Structure formats: C-alpha cells, structure tokens
There are 2 protein chains.
Amino acid sequence: MTTNWPDLDAVQSWDAADPLAACRARFALPVGTIYLDGNSLGALPRATAARVADAVTRQWGTDLIASWNKHGWIEAPARLGARIAPLIGASPDEVIVADSTSVNLFKLLAAACAARPDRSTILAEPGNFPTDLYVANGVAKMMPGRSVRTVPAAQIAAAIDQDTAVVLLTHVHYKTGAMLDMAGITAAAHRAGALILWDLSHSAGAVELDLNGCSVDLAIGCGYKYLNGGPGAPAFLFVARALQQTLSSPLSGWMGHAAPFDFGDEYAPAPGVRRFLCGTPPILAMSALESGLDTFDGTTLAQLVAKSRRLGDLLIAGIEARCVRHGFTLVTPRDPLARGSHVSIAHPHAWEICQALIARGVVGDFRAPDVLRLGLTPLYTSFEDVWQAVDRLAAVMDEGAWRDPAFAERAAVT
Amino acid sequence: MTTNWPDLDAVQSWDAADPLAACRARFALPVGTIYLDGNSLGALPRATAARVADAVTRQWGTDLIASWNKHGWIEAPARLGARIAPLIGASPDEVIVADSTSVNLFKLLAAACAARPDRSTILAEPGNFPTDLYVANGVAKMMPGRSVRTVPAAQIAAAIDQDTAVVLLTHVHYKTGAMLDMAGITAAAHRAGALILWDLSHSAGAVELDLNGCSVDLAIGCGYKYLNGGPGAPAFLFVARALQQTLSSPLSGWMGHAAPFDFGDEYAPAPGVRRFLCGTPPILAMSALESGLDTFDGTTLAQLVAKSRRLGDLLIAGIEARCVRHGFTLVTPRDPLARGSHVSIAHPHAWEICQALIARGVVGDFRAPDVLRLGLTPLYTSFEDVWQAVDRLAAVMDEGAWRDPAFAERAAVT
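Residues numbered from 1 in each chain as written. Chains lettered and ligands numbered in written order. Predicted model: local features only at pLDDT ≥ 70, side-chain atom pairs only at ≥ 80, totals over all residues. Heavy atoms only, no water.

Another aspect to go through is the pairing of strand β13 (residues 371–375) of chain B. All names here are of chain B. For β13, the tally of buried residues reaches five of five residues, placing the bulk of the element in the interior. Because side chains alternate across β13, one face comprises the buried residues Val371, Arg373 and Gly375, and the other comprises Leu372 and Leu374, equally buried. Bridging between strand β10 (residues 342–346) and β13 involves five bridges; their strand directions are antiparallel. Note on β13: the bridge partner recorded for His342 is Gly375. (Buried < 20%, exposed > 50% of the residue type's maximum accessible area, 1.4 Å probe, protein only. Helix = DSSP H or I, 4+ residues; strand = E, 2+ residues; numbered from the N terminus. Pairing = 2+ DSSP bridges.)

Here it is, written out as structure tokens:
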C-alpha cells in the first residue's frame, strides 16, 4: 500500500458523509456485483418495473387510445426533455426526447449544414464514437458538396475556418474518457461563423454541463447511460432557443408538425424544438426513461459533478498505487476537469483482465484493442465500490488470474 | 331489421365456429368495451406485461450489459423482422425491426431515390397518411433536383413515367380504408423502371399481403396497430433480397455497420437488410412487440384475411341495414378485395357520434372532418362485437344521443 491509497475504513466514512449516498437505494443493483458500467448501460431504478407495468397494463391495456390525452402520452417527448434540461444547462423548452442518438444526430447535423449553405465542411474528431462519424458521412453523402474533415481534438479549435459549416464533437470521449473544453471550442466555432453540435452521450447526468452558459447551438445525447432509461432508451436533442425557428428537420415526420392531428397534406413545422420530433413517440420506453430521470430527484448537478470527480480521483489513485506495476497505462486524463465520469486504462491483455474482473463481481467493459473502462455513476457508485474494484483488480493481477484460458473467449458483443 | 342483418344468435354461432375465436383470450381487452380501434393502437396481449417485466427486471436489472449476448438483445431487430415476414409475404431475411415508420420511410425513400439518380420524381397519392407526404417532401428537399408529385390513386399507375424514381403508396388508406392493387401498381412501376415502396401500416397482420409474389421492392410498416406491439412500438422495413446489396441507408448509424463492435472510423454497411438499422435497438419496446407477434402463433394469414373480410362484410351490412337512414355514407369500398380491415363511414356529426358511441362502450375513432373509423382485428374482434357495435350505433342515432352537448367537446388528440 502507498500513502495515496486510503484504507477501507476511510472510504466507508466518505460514503457515510456522501450527500448522494441515499440515492443508491433508488437502484436495483444486482447483489454481489460492483457495477462500473453505467457509462454503457445505466442500472435499473427500483421504481421502473412498476412504472412500466402501469404504462403497459393500465394506460395501454385499459385506457387504450384515450391515453394519448388521459395519461399525457402526446406530451411525453417535451415533458421528458424538460426534465433533462437542468442536467445539461438548458432551458426546458430547448430539449426534447425522441428517436435514437444516431437519428437525432442526423437531424441536427443536416439542419446545421442546411443553415450554412455556403460552407462545405463538417469538422469532427477521428476516433470519435463511430456512429457519429458514420452518420456525419451519411449526411455529407446526401448533401452535395459537403464533406467530413477529421482533425485531432487538440487541434480542432485552430482548424475551424470559413468553410466549416458545423463542428461535431463528443464532449466526453467514449474510449479515453477525456473531456473537451466545451466553452473554448464553442467560442472558436462561433468566431469562425460555424455552428457547433455536442454529443453528450457520455456526459449527461454525470459531468458539469452548461450548454447555455457556453452558448452551444446544438446537442444530442443518450437516454440509457447516466440517465438510466433502460437498454436502447429514447435519446434527446437540444436546439438553442435562438436557432429553433430557423432550423428545420430533414426527418419531417408528423409529430414535428405544427398541427399533427389536422392530417393536412402540407408540412408546417411546429414552433420550437418540437419540430425535431418525427414519428409516434415510443411510450413504453418513454415511461422507463421518465423513471430513470426520477432518480435525479432532489439532487443537484453540483453534487453529481463533485462526487463523480472524487470517485474518479479515488479510482485513479488506486490504479496508480496498486495496478500500474502490472503494466497498465492510464488513458484517461488525471485532471478532473479534463475527464468525464469513466476511467480507462490500457493493458495488452485488457480483454482477459476484464473477464477475470467480471468473474470476481466487478463489471466494467472492454473497448478494442486494449482498453478496460470503469464507469462511475454518482447516483449509485459508492466510494467503497471503487475501493473494492481496485482491490479485486489488484488481486486479479497479483494472482495472474486473468491467464485462465476461459477468459480469452470473445463474446459477440463486447 | 332487414333481411341483410342477422340476429344475434346467428352471429354468436359464427363466433362459435370461428377458427380464430380462441385467439381473443390472448388479449387483455377492457371489460365492457367493444374495442374497434386496433387499426390505430392494437389491444394489449395478456402475455406482454410479464414479458416486459422480465426484460426490465431480469434482463436489464440483473444481467445488465451481459444481456446483449445472453438474452439476444443484439439479434432482436432481425429476430422480430423474421417473425413479421410471413404476415407480409416476405422472406425472414428481408425484414427488420427498427426506429419508427416515419424514420424507416425516410431511409428507404432516400435509398430508392439514390438508386435512380437520373429520375427526379417521388410519385405519391394526395391525402395519404400525412407523415408519408411530409417525409417524402423532406427527402426531396434534401436531395437536389428531386420533387414529390401527387396523383390520385386511381390514376397513379398511368402516371408512372420515365422520370419516376419511386412510387410511394399506402396499401390500405388510413382514412377511407380503401386497399390499392399492389400487384398491378407494382408491375406498372416496374414497367416504367421505377421502384415501389408500400406503406403497410394499415395492412400488416390483418389483410392479404404477398410482397414477394407481387415483386415489391420496398415496404415499411407499423408495429403498434395490428401487430399489437404497444403505443409507439418499433416499426419494420422490408427490402427485397435482390436490392439489399445495392441500396444504402442515408441514416448510416453503427447498428447498420458490418462490424459495429470493431468501432472503426470507416463505415462499411452490413450485408443484407441489417444495413438499414441505425442506432441502438430499443430493447424494452422490442420485448413488447415480440409479445405482440406471439399473438399470431398458430394462425395462418389465410385465416386472418378470411375473418377480416367477414367482419367487414357484417359491419357494412349492419351500417347499411340500420344506420344509413341517419345520414351516414359508406366511405370504405364494399368489395372485400378493395378494402382493408377497418370500415369508415362519414357523417356531418361524426365527432359527436364517435363520442356518444364511446360512452356506450364502443371505441372507434374520428378522422377530420367527418369520418368515423371502426377497426376490425381478426385476432380479437368477434362477430358479436360487430353486431353489438352496430346495435349501439343504431341506438345512438335512433335516440339522438349524440346531440348531448357533452359530446361536442374536442380532445387535444383526436
């Protein structure tokens, strides 16, 4: 043990003093598991099963189509959007829940390109979460004269020029956990007359976010990571109020119409962010996401951010104190202001180590070729969780347990 | 009573002899309600609550990310698509479940236009379900030189020409219930070198469909109507096998990638219909749709179609025998081969009549300005349901019950 690594009593006292400690009971965490993968799939809130059952049995089963009015189904996209707004520094009327992250990215990226007709480039980061690059290329392919240019994150602010229509960046990198300077890069984009679109999938619900404070134009994000909405939960999108009347969705479906139930042949976009809705909202999935958002009740973003940083500090200290000698490299920045809420470490045998760790009850995940990700969810990850995870990881390495051939077998989905 | 209208004993004997009669018990129909709106939102299958609860509690809650492999989450879009295939006359590898109907329409319409670069027109029917026209215009707006041309359905086959890239039609019209000649119009499109895209939202699960028999190119459809997938259920799309390698999705998200978990920067479309996936599949909603598809187990399409036609015949006979004298006009074609599985009747006071009927336990719906729709779902609508609905509608009219001012109040969602 080194002086940087507290003993278990110390971290238990931190949990006892944690203002968010009570939130852990809001989740149905599997017994005996330390779940450090909420950055991939948030844990199940205890209230969700009953909430979804109510949507299924009473709302759908008994009230059927009357539920569109009676149970506020038609308002769900805006109602849930307004719940997400305070977590990302937006106004309630700037956020709406709809579709998937990928579909929402297409909508906003195409709208942004159309709003900058004299500029040809979508500027992005190589190695971004792949769907972002794939979708950006899909938009460029469909809009003649547009192309995607990738520049490493560190050089992106300097690369924004008069030909940049929109800058697309993920705020917290899915693999490295590095967090970009939202205020600085947004300002650089605006100085060059470009729009900016932030992907908040690995940020929302766990890290400091102030979209309006940073004058962000557009953002998208995921409902099933830190927002605890369940596997494949509906995603969200943000459009700054000042842009809402000038941008239009390429996916001009009926739910984004000003008067969808007039059933007219001519499309007239809804005022405000609702114009970025497309098809019928997925009500059962929305009910689960609404329950996920309830887990934030009574918390403040400042509390979430402070705890996320302390959890990360502890995890990094533990890795450095107890694991680095086994060949791990810290991928995630050590500076809490430059990282998100997961910590990635690289090791040539990261896959096997990840499996060995899971066998000891610590669930993180692997990202090819050599990264082990450990996610820290301020609502339910305890300081003791982190301490125990480090202890088990150290044991896996000290004992060489990861060398068991059983851990080498690869799953279809990693 | 006229000679065309059987007495209750007779229709009860039809139910007793109905090979699909036992399927009704698969649904949790509200007690005391005759539900004739399965064409808008299918009724709740009895098994769905437990199925969804399992997806929430055991799969998500306990097995968490391991469920992507362990519970076949990653295969859900293809697995459910294969279940839909026999209902629409497709091969299992030609159908996939994803996104909403509107989003799927955008994907396939844009792909079709790109596949016919020398042709400028999307040919559609005026008065089609609005989202189809809105989305078609959205595609045209994004693809320079493309436009949407609308021609009444009766003239559409003759209007297809060398400039038609794709013909977009809804097979059964949402408002009139009229069913178009899929074989004839598809052949006309192909003779002119155009592609065809059928919207099956008001067809799949209730009417005769043979996509491959008709050599259809592309189709989309809804999961929450006759497929009983729940409010806002994921939708499906069909791409004929011969076209799968030549068309590409404009919404090139990671789930349509050949190797999504390689996390590479370059997009490479999956072989086959899976390339039309975009974002992460909505697992909880998929579990409900899978349960909806289970309600078709042990039935044949021929049984469904035969019962749908007989239900429609009975309903039309009842309206003509007992209601037409109150000023109703039959909107839906009388010919069972020219109509879908709902019957629409027009009346200047259709809104109030619809509300008065709901007050008497018969749930249909209203479509502006003057249409009352009554949906017939072969899996759970009984002949007695139809008889009783006609009886109550006749009573509402005979007694003038619809004149109660309470029935004039309009809901937000109609």
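Relative to the helices and strands, Glu208 of chain A is located in the loop between β6 (195–199) and β7 (218–221). Each C-alpha atom, one on Glu208 of chain A and one on Pro234 of chain A, is 22 Å from the other, the two residues being 26 residues apart in sequence.

Superposing chain B onto chain A requires a rotation of 180° together with a translation of 0.0 Å along the rotation axis, leaving an RMSD of 0.0 Å. Given the turn and translation reported, the copies of this chain are related as if by a two-fold rotation axis. Among all residues of chain B, the minimum C-alpha distance to the rotation axis is found for Ala285 of chain B, at 2.9 Å. Mapped onto chain A, 100% of the interface residues of chain B are again interface residues, and the two copies thus contact each other with one and the same surface. (Least-squares fit on C-alpha atoms with pLDDT ≥ 70 in both. Contact = heavy atoms within 4.5 Å.)

As enumerated under the stated definition, the model contains 27 aromatic pairs over all chains in all. Between the aromatic rings of Trp14 of chain B and Phe383 of chain B, the centroid separation amounts to 5.5 Å while the plane-to-plane angle is 85°, which identifies the pairing as edge-to-face. Within this pair, whereas Trp14 of chain B is found in helix α1 (residues 8–17), its partner Phe383 of chain B is found in helix α12 (residues 383–399), the two being separated by 369 residues in sequence. Here a set of aromatic residues connected by ring pairs shows up, and it is made of Phe129 and Tyr174 of chain A together with Trp254, Phe261 and Phe263 of chain B. The ring of Phe383 of chain A is capped by Lys307 of chain A, whose NZ or CZ atom sits 5.9 Å from the centre of that ring. Geometry around Trp14 of chain A places Arg310 of chain A over its ring, the cationic atom sitting 5.0 Å from the centre. (Phe/Tyr/Trp six-rings, centres within 6.5 Å; stacked < 30°, edge-to-face > 60°. Lys NZ or Arg CZ within 6 Å of the ring centre and 35° of its normal.)

Before going further, it helps to examine the sheet that holds strand β13 (residues 371–375) of chain A. Residues and elements named next belong to chain A. Read from one edge to the other, the open sheet built from four strands follows the order β9-β10-β13-β12, with strand pairing classed as antiparallel. Edge positions in the sheet fall to β9 (329–330) and β12 (365–367), since each of these pairs with one other strand and no more. By the bridge criterion, two bridges tie β9 to strand β10 (residues 342–346) in an arrangement that is antiparallel. Considered in β10, the bridge of Thr329 is made with Ala346. Strand contacts of helix α10 (residues 301–322): β9, β10 and β13, with the helix running at about 20° to β10, the strand carrying the most contacts. Set on the sheet, helix α11 (residues 350–359) makes contact with β12 and β13; between it and β13 the angle comes to about 35°. (Axes fitted to C-alpha atoms, helices over the stretch in contact; angles between N-to-C directions.)

That's the geometry; what it means functionally is another story.
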